[in-house]
Amino acid sequence: MSTVHATAEEQARTVRVRRLPQVPVEVGLGALLTVIVVMFTALNSSFWSASILQAVLRAAAVAGLVVVGETLLLILKQIDLSVGSVVSLSAIVGCQLVTHYHLPWQLAVLGALGVGMAVGAVNALLVVWARLPALIVTLGTLYATGGLSLVISGGLQISGLPEGLVGLGQSRLLGLPFAVYLLLAVVAVAHGVMNLTVFGKSAYAIGGNERAAVRAGVPVRRYVTCAFIASGGLAGLAGILLAGRVGVADPTQGQGLELTVITAAVVGGISLFGGAGTMLGAFLGAVFIQVVTIGLVLVGLDSTLQPVASGALLIVAVAVDTLRRRARRA
Amino acid sequence: MIGISGKRQRRVLAAAAIAVLALSACGAEPATTTGGSTVGPSASNVDYFNLPTSTGASCSMRGKKMIFVSVLRENPVLQIMAQGAIDGAKKAGFASEQWVASQGFDEPGTVTLATQSMAQGVDGIVVLASSPTFYPMIARAKAMGIPVIQTHSPIAKGEAPGLLGQFYPDPTSYGKAAAEAIGARLKKAGKTGSIAIMQTSFIPNENAAAKAFTETMKAEYPQQQVLAPVAEGGDSSKAIATETSLVQAHQDLVAAFDTSGNGPVNWATTQKDTGRQLVVISMDYAKANLELVKSGSIFGIVAQPLYQEHYLAAFALAKAICRDPVAYDNPLSAPIVERTRLAPYYELLSKVNIH
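Below is a summary of the structure that appears in this document. (Residues numbered from 1 in each chain as written. Chains lettered and ligands numbered in written order. Predicted model: local features only at pLDDT ≥ 70, side-chain atom pairs only at ≥ 80, totals over all residues. Heavy atoms only, no water.)

**A few points about the overall build of chain B**
And then number 1: Scanning chain B from terminus to terminus reveals 11 helices and 14 strands.
And then number 2: Of all 355 residues assigned to chain B, the portion counted as buried reaches 57%.
And then number 3: Within chain B, contacts between residues at least 6 apart in sequence are counted, and of these 73% link residues at least 24 apart.
And then number 4: Surface summary for chain B: the accessible area is close to 13800 Å², and the carbon and sulfur share equals 53%. (Helix = DSSP H or I, 4+ residues; strand = E, 2+ residues; numbered from the N terminus. Buried < 20%, exposed > 50% of the residue type's maximum accessible area, 1.4 Å probe, protein only. Contact = heavy atoms within 4.5 Å. Areas by Shrake-Rupley, 256 points an atom, 1.4 Å probe, with all protein chains shown as cover.)

Next up, the structure:
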């Protein structure tokens, strides 16, 4: 009897799951974003203003660049926990190049980019070529690059940045900083790459079923290596932009950013199990996180409760992802 | 993941292991640091705001070893604190001194490192006991006959068994001073409105400062409205976004008191982003913060006696090792430093080699 009951229950559950609406994540997230914006505006009319929109985009700009790299890796069923420390290391190295070695600020940008890509290459070497788990490797490089930031900076902030570098972080066009336009360009390019190129389609194939991708002749190692390097490079770029924005490079900058970007990606519909999600969704996830953060402050929610709200958001996002996967399987 | 021949695989794994070890050596593990590497060499003639040159201890520190224990090895403020402890120990005549610190806010990891050092043999400990996590370590030291002096965040007597004394900036006093400075400035400018309070997190020290600020403002400048404190966390982007929200939500915002060391940088950026000029007082005389006061982006900083409290703690430790009496509570003043009074702090940072 109990077996019959179990089977009936399972069938009922499957039917319930099948009945879940199968709308694209971006559409669902866009709708949810609209509802939340309306709700926050109803609670505090100043939420609906150009300055809040700018604040959301400015806050999303730095994290958003890192989200793009992380999303690429998550689609490939990999993960990079080192991005937070890469942000600080690249900022420290880039700013040392201009303040200590008096090199032009453009070289600082290239230096930061290079540092990020180098850490990404180390991650790739260990994950792809030595076949160590990405979670452990990137956790190791998270600590190691954090330590390097400390060694290079002597634990101190680097201030007195040149105007060019500060301008890169602070200059504006139509009220929005350069970093926002850069983020939009990077998201657009990444979205295009993932949807229109062989690399993008192969990335989904690798994340969905790596063995099948290998058998189909997809150069898996090369693609995953490129993804780690791209993730590191974007974190490096984010680091130097953040330093320019606040006018200081600090070895503590970027601490904890890895969790924020993973949350943003998952909220944006990127599956932790690989092979699913879009760059546009991840970008919306990054914006969504900032809208919630800023909105909760604006409506006057006790700031001790805000981490609770963020945690709940992540759990809901993962639950929705799991339900969607079950529905797909059913 | 992908098929590699056995021999090649072993080679790659060996290379990977070496790379991981090399990276780990760069900072994966919490590390101990001595005076030479991340804090500068001892300043020979210390008189940073009338500090004593002699401990008055009844015995010599020859052959004695002290350690300074803290979290946040990478934090610029901790660099200043550690330099104070190292310089104080050198002046007190200790044979060796070591900064035992972990990276990040890893309190259990720090306690483990300190416990290892204790097992290897130390004669005294100065500890920045940021939470009760450190209390068992203090009790263990007491049981081993190692005196412990605590810094920065005051602990009620008896709460941490074995603790002999503590040196700290009085948060109630500087919270009050910040309220008086902001209140006077707003009165002079004829401005009335809301005042924001930001904290890194809701720890007792910051809570006490925020409470004193609110109460003083309410008593002395009742026309100003102080908002409930908001936590900003450690991520600058997020902190700036939060501050921007506050500015937007309160169009009458005229000032802010921020109990975080990153407050000056964050508020300077927020003011640039929003185009609003506020009267901001925040924490600590790190060089970047002094620059912001100098440029007028920030009205003032709370000059916590970061260096001095640790220097004096090392002196008190010397006395404790000699079994000389040490006062338990030693609150120190933390003045509000405005644009015209920055020179001594630049000089201090320059002399202790922290730029």
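**Focus: the overall build of chain A**
And then number 1: When you go through chain A residue by residue, the secondary structure sums to 14 helices and two strands.
And then number 2: Here chain A has a C-alpha radius of gyration of 21 Å; the compact-globule value for 330 residues is 20 Å, and the two agree.
And then number 3: Seen through its principal axes, chain A has C-alpha atoms that stretch 80 × 55 × 35 Å.
And then number 4: Looking at chain A as a whole, 55% of its 330 residues qualify as buried.
And then number 5: Counting contacts in chain A only where the partners sit at least 6 residues apart, residues at least 24 apart contribute 80% of the total.
And then number 6: Put simply, chain A shows about 13800 Å² of open surface, and 69% of that area lies on carbon and sulfur atoms. (Rg over C-alpha atoms; globule rule 2.2 N^0.38 Å.)

**Focus on the state of the cysteines**
Residue and element names in this part refer to chain B.
And then number 1: One pass over the structure, following the stated rule, counts one disulfide over all chains.
And then number 2: With a sulfur-sulfur separation of 1.8 Å, C59 is cross-linked through a disulfide to C322. Between C59 and C322 the disulfide shows an S-S torsion of about -90 degrees. By sign, it is left-handed. In this pair, C59 is assigned in the loop between β1 (31–34) and β2 (65–70) and C322 in the loop between α10 (306–321) and β13 (329–332), connecting sequence segments 263 residues apart.
And then number 3: By relative accessible area, C59 is classed as partly exposed at 33%. (Disulfide = S-S within 2.5 Å.)

**Focus on helix α9 (residues 198–208) of chain A**
One turn of an α-helix holds 3.6 residues; hence residues three or four places apart share an orientation.
And then number 1: Listing the buried residues of α9(A) in full gives A:F199, A:G200, A:S202, A:A203, A:Y204, A:I206 and A:G207.
And then number 2: In this fold, the buried residues of α9(A) make contact with α3 (50–75), α8 (178–196), α10 (210–215) and α11 (220–246) of chain A.

**Observations concerning the side chain of A:T71**
Residues and elements named next belong to chain A.
And then number 1: Looking at the element boundaries, T71 is found in helix α3.
And then number 2: Looking at T71, the relative accessible area reads 0%, which means it is buried.
And then number 3: A polar contact is formed between the side chain of T71 and the backbone oxygen of V67, at a distance of 2.7 Å.
And then number 4: Discounting residues that sit within four places of it in the chain, T71 has contacts with A265, I270, T278, M279 and A282. (Polar contact = N/O pair within 3.5 Å; in protein donor to acceptor, adjacent residues only side chain to side chain.)

**Some thoughts on the nonpolar core**
And then number 1: In terms of nonpolar packing, the biggest core is built from 101 residues, with A:F47, A:C95, A:L165, A:M194, A:V291 and A:I294 touching the most fellow members.
And then number 2: Apart from the residues within four sequence positions on either side, A:V291 is in contact with A:L33, A:I36, A:V37, A:F40, A:F47 and A:V56.
And then number 3: Grouped together as the second largest cluster of nonpolar side chains are 86 residues, B:M61, B:A288, B:L292 and B:V337 included. (Core = buried A, V, L, I, M, F, W, Y, C linked by side-chain atoms within 4.5 Å.)

**As for the environment of A:V66**
Residues and elements named next belong to chain A.
And then number 1: Mapped onto the fold, V66 is located in helix α3.
And then number 2: With 18 residues separating them along the chain, V66 and G84 place their C-alpha atoms 8.8 Å apart.
And then number 3: When neighbours within four sequence positions are excluded, V66 is seen to be in contact with V83, V87, A235, A238, L257 and V261.

**A look at the pattern of salt bridges**
And then number 1: One pass over the structure, following the stated rule, counts six salt bridges over all chains.
And then number 2: With a shortest N-O distance of 3.3 Å, B:D273 and A:R58 are connected by a salt bridge. You can see B:D273 sitting in helix α8 (residues 263–274) and its partner A:R58 sitting in helix α3, one on each of two chains.
And then number 3: The buried category is assigned to B:D273, whose relative accessible area is 11%.
And then number 4: Judged by its relative accessible area of 3%, A:R58 is buried.
And then number 5: When the shortest N-O distance is used, the salt bridge between B:E97 and B:K90 registers 2.8 Å.
And then number 6: You can call B:K90 partly exposed: its relative accessible area is 37%.
And then number 7: It is possible to trace a salt-bridge network through shared partners that takes in A:R58, A:R172, A:R245 and B:D273. (Salt bridge = Lys/Arg side-chain N within 4 Å of Asp/Glu carboxyl O.)

**As for the side chain of A:S46**
And then number 1: In this structure, A:S46 sits in the loop between α2 (25–43) and α3.
And then number 2: Judged by its relative accessible area of 15%, A:S46 is buried.
And then number 3: Residues in contact with A:S46, not counting those within four places in the same chain, are A:I52, A:L298, B:Q248 and B:A249.

**Structural notes on the packing of α3(A) against helix α13 (residues 279–298) of chain A**
Residues and elements named next belong to chain A.
And then number 1: Interaxial distance between α3 and α13 falls to 8 Å at its minimum, and their mutual angle equals 140 degrees. As summarised for this structure, α3 and α13 are arranged oblique, according to the angle between their axes. The way α3 lies across α13 gives a crossing that is right-handed. Across the interface between the two elements, I52, A55, V56, A59, A60, G64, V67, V68, T71 and L72 from α3 touch M279, A282, A286, V287, Q290, V291, I294 and L298 from α13.
And then number 2: Residue classes in the contact of α3 with α13 are distributed as 15 nonpolar, three polar and no charged. (Axes fitted to C-alpha atoms, helices over the stretch in contact; angles between N-to-C directions. Parallel < 35°, antiparallel > 145°, perpendicular 65-115°, else oblique. Left-handed = near helix turned anticlockwise from the far one by under 90°. Nonpolar A, V, L, I, M, F, W, Y, C, P; charged D, E, K, R; others polar.)

**Description of unusual backbone geometry**
Excluding glycine, a negative phi dihedral is what most residues carry, and trans is how most peptide bonds are arranged.
Residue and element names in this part refer to chain B.
And then number 1: Positive phi outside glycine occurs at H152, with the angle close to 75 degrees.
And then number 2: Within the secondary structure layout, H152 lies in the loop between β5 (148–151) and β6 (165–169).
And then number 3: Of note in this structure, R323 is not a glycine but carries a positive phi near 65 degrees.
And then number 4: For R323, the position within the fold is in the loop between α10 and β13.
And then number 5: Take R323: its relative accessible area is 76%, and that puts it in the exposed class.

**Comments concerning the packing of α3(A) against α11(A)**
Residue and element names in this part refer to chain A.
And then number 1: Close contact between α3 and α11 brings their axes to 7 Å; oriented N to C, the two are set at 170 degrees. Overall, the two elements α3 and α11 adopt an arrangement that is roughly antiparallel. Here R58, V62, L65, V66, V68, G69, E70, L72 and L73 of α3 come into contact with α11, specifically with A227, F228, A230, S231, L234, A235, A238, L241, L242 and R245.
And then number 2: Partitioned by chemical class, the residues of the contact of α3 with α11 number 14 nonpolar, two polar and three charged.

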